[in-house]
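Each chain is listed here by its residues.
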Amino acid sequence: IALLAPARLTRDEIVLRAPAVILLDASESMNVRDTGQTRREAALTWLAGHRDLVSKLSERADVLRFDFGRELAEVPEWSSVARERLTATGDAITAVARRLKGRPGASIIVLSDGRTTAGLDPVRAATMSRERGVRVHAICVGDAAVAQFRDRKVNNVLCPSVAQLQSAVPIH
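So, here is what we can say about the structure in this document. Since we're looking at a predicted model, the values are computed, not measured.

### Concerning the environment of P170
- Relative to the elements of secondary structure, P170 occurs in the segment after α5 (144–150).
- Measuring from C-alpha to C-alpha, the distance between P170 and C159 comes to 6.2 Å, with 11 residues separating the pair along the chain.
- Not counting residues within four places of it along the chain, the set of residues in contact with P170 comprises L158, C159 and P160.

As structure tokens, then:
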């Protein structure tokens, strides 16, 4: 019997769950309070109000949470304050899509005020992600009309150090 080289064949089945990534904008524009709460709070309120949706998603997919601004950072929980100076939405989508490439059913949910101040165009990034088999869904928060006027920050003012009373002073 030993000469027949007995062997036992087994088969293991590995089931990979589809990944789902929730991207939450962490840029300073998300601190604007234009609907009674900050935009970041509005995004977190939306997520809390749709807890059943996130729960159902968790049953079928591995849900990962990320903050994004200029950089992308996986977080166990989100804070209510946004601290990033820039918003690179397209770069965040692209970085996540690269991680998820080839995983069936992969999807990205982006919660943002829609302001992009750096990096790749988000529409182009979403199109490239779709070509990689990763679906992108966007949820916008905040009031675009208010953002047009309130979502500004002055970083530097150039003017003379001395001015005379009642005189015009050039400011750049």
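### Description of the pattern of salt bridges
- The tally for this structure, following the rule as stated, stands at five salt bridges.
- Put simply, D67 and R40 hold a salt bridge, and the shortest N to O gap is 2.9 Å. On the criterion of sequence distance, the pair formed by D67 in strand β2 (residues 61–68) and R40 in helix α1 (residues 39–49) is long-range, its members being 27 residues apart.
- Exposure remark for D67: the relative accessible area of 15% places this residue in the buried category.
- The salt bridge partner of R70 is D91, with a shortest N-O separation of 3.3 Å. You can see R70 sitting in the loop between β2 and β3 (72–74) and its partner D91 sitting in helix α3 (residues 89–100), a full 21 residues away along the chain.
- Residue classification places D91 among the partly exposed residues on the basis of a relative accessible area of 27%.
- Bridged by salt links that share partners, the residues D34, R39 and D113 form one connected network.

Conventions we followed
Residues numbered from 1 in each chain as written. Predicted model: local features only at pLDDT ≥ 70, side-chain atom pairs only at ≥ 80, totals over all residues. Heavy atoms only, no water. Helix = DSSP H or I, 4+ residues; strand = E, 2+ residues; numbered from the N terminus. Contact = heavy atoms within 4.5 Å. Salt bridge = Lys/Arg side-chain N within 4 Å of Asp/Glu carboxyl O. Buried < 20%, exposed > 50% of the residue type's maximum accessible area, 1.4 Å probe, protein only.

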